[in-house]
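Structure at a glance
One letter stands for each residue in the lines below.
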Amino acid sequence: HYKKNEGFRLHKRKNQNYLTHEIISFHKEESVSLEQLEELTREYIRQRNPNGIYFAVPHFDKHPHVHICVSSIEYRSGKSLRMSKGQFQSLKKNIQQYQQEKYPELSKSIVAHGQNKGSKVSDKEFQLKLRTGRETDKEKIIGILQTSYSIALSKSAFFENLSANDVSTYSRNGRLTGIFYKGRKFRFSRLGFDLEKLNELDKSQNRLREISDSRGRKGKGIDRNI
């Protein structure tokens, strides 16, 4: 859907991203229910821009958080969904204020956005994530892998999803071994990602083709009998 939606883009350029990866996270000691995560994510989408394509995946390992794949442009309008650092800063403050009013019990996840004047965060980083806490590169990569796999319908689509998040793969002795992220190498084995899952994607894709071909043959038989 993300790639197909690119056909409506008004301003095109080379190496255009189809989506960005954004994160809403909470303190590890916070007791956040799945219903609360869903409600806050829906509010985040409403405030960000409800006209985009969104795919959200919640996780509770290490700390509660939600990975969100956001289309780069609005659905079928071609308008950009890109946000400036200032707009993202306002969004973070607004969504936190909403959280405080709706769920005051989530007090451990409150942070002072924008008060650390010495920190410099690039616009690209703002485009890739929204979060109320900090994650290591390894945690970010694990989230990207899990989300990219969740929305992929084939092995090639999985790699396209990784590339959209500035993640590339590398091989050793002809075997897929790990990924590059921010100039560093990470082995799939150390990330807890089973490469056999990719073979399952292709099996599912082949099965869908078989079903489609079977339906096509049945349809042709009916046409001949009419």
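Residues numbered from 1 in each chain as written. Predicted model: local features only at pLDDT ≥ 70, side-chain atom pairs only at ≥ 80, totals over all residues. Heavy atoms only, no water.

Contact geometry for helix α5 (residues 137–151) and helix α6 (residues 155–164): axes closest at 8 Å, N-to-C directions at 140°. Put simply, α5 runs oblique to α6. Crossing of α5 against α6: the hand is right-handed. Contact residues: α5 offers Ile144, Leu145, Ser148, Tyr149 and Ile151, while α6 offers Phe158, Asn161 and Leu162. (Axes fitted to C-alpha atoms, helices over the stretch in contact; angles between N-to-C directions. Helix = DSSP H or I, 4+ residues; strand = E, 2+ residues; numbered from the N terminus. Parallel < 35°, antiparallel > 145°, perpendicular 65-115°, else oblique. Left-handed = near helix turned anticlockwise from the far one by under 90°. Contact = heavy atoms within 4.5 Å.)

What follows concerns α5. Compared with the 21 Å implied by 1.5 Å per residue over 15 residues, the 21 Å span of α5 between its first and last C-alpha is a close match. Judged by how many residues are buried, α5 sits mostly within the fold: 11 of 15 residues are covered. For α5, the full list of buried residues reads Asp137, Glu139, Lys140, Ile141, Ile142, Gly143, Ile144, Leu145, Thr147, Ser148 and Ile151. (Expected span 1.5 Å × (residues − 1). Buried < 20%, exposed > 50% of the residue type's maximum accessible area, 1.4 Å probe, protein only.)

Two faces, one strand: in a regular strand the side chains alternate between the faces of the sheet. As paired strands, strand β4 (residues 168–172) and strand β5 (residues 175–181) are joined by 5 bridges and run antiparallel to one another. Paired with Tyr170 across the two strands is Gly178, which belongs to β5. Where β4 folds back onto β5 in an antiparallel hairpin, the turn is made up of 2 residues, including Asn173, whose phi is positive at roughly 55°. Connecting β5 to the antiparallel partner strand β6 (residues 184–187) that follows it, the hairpin turn spans 2 residues, and Lys182 within it adopts a positive phi of roughly 55°. (Pairing = 2+ DSSP bridges.)

The full count for this structure, using the stated rule, is 6 aromatic pairs. Residues Tyr149 and Phe158 carry aromatic rings whose centres are separated by 6.4 Å and whose planes lie at 75° to one another, so their mutual orientation is edge-to-face. Judged by relative accessible area, which is 0%, Phe158 ranks as buried. With 5.3 Å between their ring centres and 50° between their planes, Tyr170 and Phe180 make a pair best called tilted. Of this pair, Tyr170 sits in strand β4 while Phe180 sits in strand β5; the two residues are 10 residues apart in sequence, bridging distant segments of the chain. Among the residues examined, Phe180 registers a relative accessible area of 31% and is labelled partly exposed. (Phe/Tyr/Trp six-rings, centres within 6.5 Å; stacked < 30°, edge-to-face > 60°.)

Take the sheet that holds β4 next. The sheet built from 3 strands is open, its strands ordered β4-β5-β6 with antiparallel pairing. In this open sheet, the two strands that pair with only one neighbour each are β4 and β6. Within the sheet, the average angular offset between the axes of one strand and its neighbour, ignoring direction, is 40°. Here β5 runs beside β6; their pairing, made up of 4 bridges, is antiparallel.

Even without glycine at this site, Lys62 takes up a positive phi of about 70°. With respect to the element layout, Lys62 can be found in the loop between β2 (54–59) and β3 (65–71). Lys62 sits in the exposed class, given a relative accessible area of 58%.

Now for the nonpolar core. Judged by nonpolar contacts, the single largest core of 19 residues is most densely connected at Phe26, Leu40, Tyr44, Ile68 and Leu106. At the level of secondary structure, the elements contributing two or more residues to this core comprise α2 (34–48), β3 and α3 (85–102). If we ignore the near neighbours within four places in the chain, the residues touching Leu40 are Phe26, Ile95, Tyr98, Gln99, Tyr103 and Leu106. Of all hydrophobic cores here, the second largest spans 17 residues; its members include Phe158, Ile179, Phe193 and Leu201. (Core = buried A, V, L, I, M, F, W, Y, C linked by side-chain atoms within 4.5 Å.)

Looking now at the side chain of Gln99. Along the chain, Gln99 falls in helix α3. What Gln99 contacts, discounting residues up to four positions off in sequence, is Phe26, Leu40, Pro104, Leu106, Ser109 and Ile110.

On the secondary structure map, Glu30 appears in the loop between β1 (19–25) and α2. Classification of Glu30 by relative accessible area gives buried; the value is 8%. Separated by 33 residues in sequence, Glu30 and His63 place their C-alpha atoms 7.8 Å apart. Discounting residues that sit within four places of it in the chain, Glu30 has contacts with Pro64, Glu105, Leu106, Ser107, Lys108 and Ser109. Within the structure, Glu30 has its side chain in polar contact with the side chain of Ser109 (distance 2.8 Å). (Polar contact = N/O pair within 3.5 Å; in protein donor to acceptor, adjacent residues only side chain to side chain.)

By themselves these figures say nothing about function.
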